[in-house]
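Examining the three-dimensional arrangement
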Amino acid sequence: MQVTTQSYDSVPTGQHISTIIGIEISSNVRFGQYVADVFKPIYRVKENTVRDNGIFRYKQAKGFLYDPKKNWGYAKFLNVMGVKKNNAVDEKYKFENLVGKLVLIEVYDKVFTNEFSKRVKYPVARLLKKVEVPF
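Just so it is clear, the structure is predicted and the values come from calculations on it, not from any experiment.

With respect to the overall build of the protein
Across its full length, the protein holds one helix and six strands. Along the chain direction, N to C, the helices and strands of the protein fall in the order β-β-β-β-α-β-β. Counting all 135 residues of the protein, 33% fall into the buried class. Here the contacts in the protein between residues at least 6 apart in sequence split such that 51% fall between residues at least 24 apart.

Quick notes on the environment of Phe31
With respect to the secondary-structure elements, Phe31 resides in strand 1 (residues 14-31). By relative accessible area, Phe31 is classed as partly exposed at 30%. Setting aside anything within four residues of it in sequence, one finds Phe31 in contact with Ala36, Val38, Phe56 and Tyr58.

So, the nonpolar core
Judged by nonpolar contacts, the single largest core of 21 residues is most densely connected at Tyr43, Val50, Phe77, Met81, Phe95 and Ile105. At the level of elements, strand 1, strand 2 (34-45), helix 1 (72-80), strand 5 (102-113) and strand 6 (119-130) are the ones that each hand at least two residues to this core. Leaving out residues up to four positions away in the same chain, Phe77 has contacts with Pro41, Tyr43, Ile55, Phe95, Leu98 and Leu127.

Concerning the packing of aromatic side chains
Across all of its chains, the model carries nine aromatic pairs by this definition. Geometrically, the ring pair formed by Phe31 and Phe56 is edge-to-face, given 5.1 Å between the ring centres and 70 degrees between the ring planes. Taken together, the positions of Phe31 in strand 1 and Phe56 in strand 4 (residues 55-58) put the pair 25 residues apart, joining distant regions of the chain. Ring geometry for Phe39 versus Tyr74: centroids 6.2 Å apart, planes at 35 degrees, classification tilted. Of the two residues, Phe39 is situated in strand 2 and Tyr74 in helix 1; the sequence distance between them amounts to 35 residues. Relative accessible area serves as the criterion here: at 7%, Phe39 is assigned to the buried category. Classification of Tyr74 by relative accessible area gives buried; the value is 0%. Ring pairing ties together the aromatic residues Phe31, Tyr34, Phe56 and Tyr58, which thus form one cluster.

Here is what the cut-offs are and how they apply
- Residues numbered from 1 in each chain as written.
- Predicted model: local features only at pLDDT ≥ 70, side-chain atom pairs only at ≥ 80, totals over all residues.
- Heavy atoms only, no water.
- Helix = DSSP H or I, 4+ residues; strand = E, 2+ residues; numbered from the N terminus.
- Buried < 20%, exposed > 50% of the residue type's maximum accessible area, 1.4 Å probe, protein only.
- Contact = heavy atoms within 4.5 Å.
- Core = buried A, V, L, I, M, F, W, Y, C linked by side-chain atoms within 4.5 Å.
- Phe/Tyr/Trp six-rings, centres within 6.5 Å; stacked < 30°, edge-to-face > 60°.

Here it is in structure tokens:
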């Protein structure tokens, strides 16, 4: 699901109540000798947006290694969102079902040096918990 987003720079670091407004999905991304689908929920914080740092679902594919223990982040994300294993049939939960959910996230700066020796810095988010509305 593609979502047009506003400035990622204007979401301050710290914890924020937000709404999941979309999911960016990259399929069959190679990580060394492994292959995974990468899910990046997009969170709306007031009028701005920030992307999740990424939830990885490693999978079995010919010519690649597979270790189900590497899917701990995927399992943790689904658990925090209240998705029971029975609902995540064959470990292929439809992340689009989470659009509109209210969550608590932590925004922090991702900092690294790119292949051109340039320092890159931008905000990313991490899910802390699903927010239950009492009405």
